[in-house]
Amino acid sequence: QVQLVESGGGLVQPGGSLRLSCAASGSIFNMMAWYRQTPGNQRELVAGATIRGHTNYADSVKGRFIISRDDAKKTVYLQMNSLRPEDTAVYYCNAGPGGAWRGRYWGQGTQVTVSS
């Protein structure tokens, strides 16, 4: 059974940094990504990365967030810098075997709050 376990969320001041981690059990996935969701809104793609190194970022996080993978550890990371209050959301790890930027597997979510 596939499990995606996230860690690294928390409270940070504006301008600060956080790093999220997501460890996968089972297979190495072609695509691993981070989504986020705020109350009343749909989940939106934040960043994704394929096993071949292709990446995809939301315009709102380009230049501030970096997604990376360690396939030996079956882990994907999201380094978040220059955080803003509007980055506050529940962040979800997502993974899938295909090429789409939205896979079938989800983590349980981790809260990120950017506030002074």
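So, here is what we can say about the structure in this document. (Residues numbered from 1 in each chain as written. Predicted model: local features only at pLDDT ≥ 70, side-chain atom pairs only at ≥ 80, totals over all residues. Heavy atoms only, no water.)

Some details on the overall build of the protein
Part 1 of the argument: Along the backbone of the protein there are zero helices and 11 strands.
Part 2 of the argument: Going from the N terminus to the C terminus, the protein shows its helices and strands as β-β-β-β-β-β-β-β-β-β-β.
Part 3 of the argument: Along the longest, intermediate and shortest principal axes, the C-alpha atoms of the protein span 40 × 25 × 25 Å.
Part 4 of the argument: Counted over contacts in the protein with a minimum sequence separation of 6, partners at least 24 positions apart contribute 55%.
Part 5 of the argument: Entry remark: accessible area of the protein is about 6000 Å², with carbon and sulfur atoms responsible for 46%.
Part 6 of the argument: Distance from the positive charge centre (12 side chains) to the negative charge centre (7 side chains) of the protein: 5 Å. (Helix = DSSP H or I, 4+ residues; strand = E, 2+ residues; numbered from the N terminus. Contact = heavy atoms within 4.5 Å. Areas by Shrake-Rupley, 256 points an atom, 1.4 Å probe, with all protein chains shown as cover. Lys, Arg positive; Asp, Glu negative; His and termini not counted. Charge placed at Lys NZ, Arg CZ, Asp CG, Glu CD.)

Remarks on the environment of Gln1
Part 1 of the argument: Mapped onto the elements, Gln1 comes out in the segment before β1 (4-7).
Part 2 of the argument: Each C-alpha atom, one on Gln1 and one on Ser27, is 9.8 Å from the other, the two residues being 26 residues apart in sequence.

With respect to the state of the cysteines
Part 1 of the argument: Applying the stated criterion across every chain yields a total of one disulfide.
Part 2 of the argument: Across the disulfide from Cys22 sits Cys93; the S-S distance is 2.1 Å. For the disulfide bridge between Cys22 and Cys93, the dihedral angle about the S-S bond is near -85°, and by the sign convention the bridge is left-handed. Here Cys22, found in strand β3 (residues 18-24), pairs with Cys93, found in strand β9 (residues 89-96); they are 71 residues apart in sequence, far enough to count as distant. Across the pair, Cys93 and Cys22 agree in class, each one buried. (Disulfide = S-S within 2.5 Å. Buried < 20%, exposed > 50% of the residue type's maximum accessible area, 1.4 Å probe, protein only.)

Looking at the environment of Gly48
Part 1 of the argument: When you line up the elements, Gly48 lands in strand β5 (residues 44-50).
Part 2 of the argument: For the pair Gly48 and Val76, spaced 28 residues apart in sequence, the C-alpha to C-alpha distance is 9.3 Å.
Part 3 of the argument: Ignoring anything within four residues of it in the chain, the contact list for Gly48 reads Met32, Ala33, His54, Thr55, Asn56, Ile67 and Trp101.

What to know about the nonpolar core
Part 1 of the argument: Counting residues in hydrophobic clusters, the biggest one holds 27 residues, and the most contacted among them are Met32, Trp34, Leu78, Met80 and Tyr91.
Part 2 of the argument: Counting residues per element, the ones that place at least two in this core are β3, β4 (31-37), β5, β7 (65-70), β8 (75-80), β9 and β11 (110-114).
Part 3 of the argument: The residues touching Tyr91, leaving out its near neighbours within four places in the chain, are Glu6, Leu20, Trp34, Tyr35, Arg36, Val46, Phe65, Leu78, Met80, Gly109, Thr110 and Val112. (Core = buried A, V, L, I, M, F, W, Y, C linked by side-chain atoms within 4.5 Å.)

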